[in-house]
Each structure stands twice: as C-alpha cells, then as structure tokens.
Amino acid sequence: MKVTPIFCLLALGLASCASEPTPMATQPATLKPLRLVIIGDSTVCNYTDADPAHRHGWGMHIQQYFKSDLTVSNLAASGRSTKTFISEGRWDKALAEKPDIVLIQFGHNDSHASTQPEATNAETDFRDYLRKYIDDTRAIGGVPILVTPMCRRTTTDNLAPYADAMKVVAAEKKVALIDLHASSAKLYAQLGPDAVKELEASSDGATFDTTHFNAKGAEAMAKLVMVEFPIAAPQVKAYLIQPATP
C-alpha cells in the first residue's frame, strides 16, 4: 500500500484551504449627508434657557431622532407668518443653506386680525405664499413638506382654515403633508385639560400659555411630527436612530 507522506497531506490541506474564499466583513453603508431646514413660527423656533416662560419650539427636538449624517437647521422665528418670513429675507437665507428637505409650518400668525402686518387670508395669499415655498424649494432640488399648525388649547379653533388651506395646496402641488393640526387635537383629547397644562409654557406655574409649549410639550409635538415624517419623506428612514411610535 502506498503511503502519502504527511507533509504532502498538509500541503494538500493548505491548498484546499487556500482555494476557499475568505468571507469579507460587511461594511456599513455610507450615508450621504442630508440637510433638513425647518421654517415656521414661535411654536417651532429655538429658545434659550433665559426665556422667562421656559418656552420650547418643536424644531428644537428633531435632531435627536437622527444620526449625525442628517443635520437639522431650525430657522423658524417667533412672530413670523408665511408673508413676513419672506419679506424679512429669512426665506432667502433658508434657501442659501441648500436644504435637501424643508419642513414648513405656518398659520398661527397668519391667523391674526387682518389689520396686522403679518396676517394673511387662508383662502388667498396664504395659499400663494405656500406655493412659493414649494416652488422655490423644488427649484433648488429640495423636497418641501407642509406641516399643518397644531391646535391652540382654546375653545375656538381659528387655525382650522389654515390647516385646510395647507391640505388643498398639498394636493394641488402633490406635496407631502404632516397633519399636526389633527394629531395634536387627538393628543389633547386623550390627555384631558389638566394633563394638557403640563405641556404648556408658563412663567409662574399658574398662568398657562394656550399657544406655546414647555420642553415636555415641544417634545410631544416633535414626536407627532416624527411619527409622520418618515412616511412623508421615506428617504429619511435610513438616518433614523429610532423611529417615533404613536
């Protein structure tokens, strides 16, 4: 019987091993940097710790949902409407940031008395300004998303015509819409009036602001936005740290 020397067996074994492909380690996919710009009013904007009513806007709480590859620039400003955000040059500055996505929430100041310079009509110029935001965003290759204004915690809801106008323009221009007006109303109803006060800004703990939010309230509004955001813009799903759940 012929015996194969052991060194030959070893050599054959090495050759066999060498012929088997070495599995490659899976590399994480590289995400393209994405820039999100948020525009809106005092219910959205940034506040400092020095604010006497400890107000927060929901735009302050969006970055925490995303990986660092998606950067959030919150350019919302207190007291602004669809009209004055443009007339003051704030919209031009937003466009100069070359956003990939723009979240657009107005209505609170647009709904002021018609004698006020920031006021707009829900049936006419408010819709025209929304169309401009949409067209300008698309012109630079960005994706516009409308966000309806959240309800005030009052018996009279004068923001409904502005939320409805946003829906009309969204359908007309084929733009995604996050219905914060509807989701906030549902949340308030679920919580009840006493628990809702825990979301409201207050400078003395006794008088509550039925329009603006404290940190807890702004975080609640941000969560409502984030529940719908990945549906409105599926491209952001890859950037999420953790999806928001209703």
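Residues numbered from 1 in each chain as written. Predicted model: local features only at pLDDT ≥ 70, side-chain atom pairs only at ≥ 80, totals over all residues. Heavy atoms only, no water.

## Considering the packing of helix 4 (residues 125-139) against helix 5 (residues 160-173)
Here's step 1: Following both chains from N to C, one finds helix 4 and helix 5 inclined at 40°, their axes separated by 10 Å at the closest point. In terms of orientation, helix 4 lies oblique with respect to helix 5. Of the two possible hands of crossing, helix 4 and helix 5 adopt the one that is right-handed. Across the interface between the two elements, Phe126, Arg127, Leu130, Arg131, Ile134, Asp135 and Arg138 from helix 4 touch Tyr162, Ala165, Met166, Val168, Val169, Glu172 and Lys173 from helix 5. (Axes fitted to C-alpha atoms, helices over the stretch in contact; angles between N-to-C directions. Helix = DSSP H or I, 4+ residues; strand = E, 2+ residues; numbered from the N terminus. Parallel < 35°, antiparallel > 145°, perpendicular 65-115°, else oblique. Left-handed = near helix turned anticlockwise from the far one by under 90°. Contact = heavy atoms within 4.5 Å.)

## A short note on the packing of helix 6 (residues 180-191) against helix 8 (residues 215-232)
Here's step 1: Between helix 6 and helix 8, the shortest axis-to-axis distance is 10 Å and the interhelical angle comes to 130°. Judged by the angle between their axes, helix 6 and helix 8 are oblique. The interaxial crossing formed by helix 6 with helix 8 has right-handed handedness. Residue-level inspection shows Leu180, Ser183, Ser184, Leu187 and Tyr188 of helix 6 in contact with helix 8, the latter providing Ala220, Met221, Leu224, Val225 and Glu228.
Here's step 2: Of the residues belonging to the contact of helix 6 with helix 8, the class tally is 7 nonpolar, 2 polar and 1 charged. (Nonpolar A, V, L, I, M, F, W, Y, C, P; charged D, E, K, R; others polar.)

## Here we look at the sheet that holds strand 5 (residues 176-178)
Here's step 1: Here we have 5 strands laid out as an open sheet, ordered 2-1-3-4-5, and parallel in their pairing. With partners counted over all chains shown, the strands left at the sheet margins are strand 2 (70-74) and strand 5, one partner each. Strand-to-strand twist in this sheet, taken as the mean axis angle between neighbours without regard to direction, amounts to 25°.
Here's step 2: Where strand 1 (residues 34-39) and strand 2 come together, 5 bridges link them in parallel fashion. Following the sheet pairing, Arg35 is matched in strand 2 by Thr71. (Pairing = 2+ DSSP bridges.)

## Re the packing of aromatic side chains
For any pair of aromatic rings, the description rests on two quantities: the centre-to-centre distance and the angle between the ring planes.
Here's step 1: Under the definition given, this model contains 5 aromatic pairs.
Here's step 2: Between the aromatic rings of Phe85 and Phe106, the centroid separation amounts to 5.6 Å while the plane-to-plane angle is 65°, which identifies the pairing as edge-to-face. Separated by 21 residues along the polypeptide, Phe85 in helix 2 (residues 82-87) and Phe106 in the loop between strand 3 (101-104) and helix 4 bring together distant segments of the chain. Accessibility assignment for this pair places Phe85 and Phe106 in one class, buried.
Here's step 3: Ring centres of Phe126 and Tyr162 lie 4.9 Å apart, and the angle between their planes is 80°; on these two criteria the pair is classed as edge-to-face. (Phe/Tyr/Trp six-rings, centres within 6.5 Å; stacked < 30°, edge-to-face > 60°. Buried < 20%, exposed > 50% of the residue type's maximum accessible area, 1.4 Å probe, protein only.)

## Structural notes on helix 6
Here's step 1: Between its terminal C-alpha atoms helix 6 stretches 16 Å, which fits the 16 Å expected from 12 residues at 1.5 Å a residue.
Here's step 2: Among the residues of helix 6, those classed as buried are Leu180, His181, Ser183, Ser184, Leu187 and Tyr188.
Here's step 3: As for helix 6, its buried residues are in contact with strand 4 (143-147), helix 5, strand 5, helix 7 (193-196) and helix 8.
Here's step 4: At the C-terminal side of helix 6, Gly192 shows a positive phi close to 90°. (Expected span 1.5 Å × (residues − 1).)

## Re the pattern of salt bridges
Here's step 1: Under the definition given, this model contains 12 salt bridges.
Here's step 2: Put simply, Arg127 and Glu123 hold a salt bridge, and the shortest N to O gap is 3.2 Å.
Here's step 3: Across the pair Lys216 and Glu198 runs a salt bridge whose closest N-O atoms are separated by 3.0 Å. Of this pair, Lys216 sits in helix 8 while Glu198 is found in the loop between helix 7 and helix 8, placing the two residues 18 residues apart along the sequence.
Here's step 4: One network of salt bridges, in which partners are shared, links Arg80, Glu88 and Arg90. (Salt bridge = Lys/Arg side-chain N within 4 Å of Asp/Glu carboxyl O.)

## A short note on the side chain of Arg127
Here's step 1: Mapped onto the elements, Arg127 comes out in helix 4.
Here's step 2: Side chain to side chain, Arg127 and Glu123 meet in a polar contact 3.2 Å long.
Here's step 3: Residues within four places of Arg127 in sequence aside, it is in contact with Ala122, Ala165, Val168 and Val169. (Polar contact = N/O pair within 3.5 Å; in protein donor to acceptor, adjacent residues only side chain to side chain.)

## Remarks on the confidence of the model for the chain
Here's step 1: Residues at a pLDDT of 70 or more form 88% of the chain, whose mean pLDDT is 90.
Here's step 2: In this model, residues 1-19 is a region of pLDDT below 50 whose contacts with residues beyond four sequence positions or in other chains number 1 contact. (pLDDT = per-residue confidence, 0-100.)

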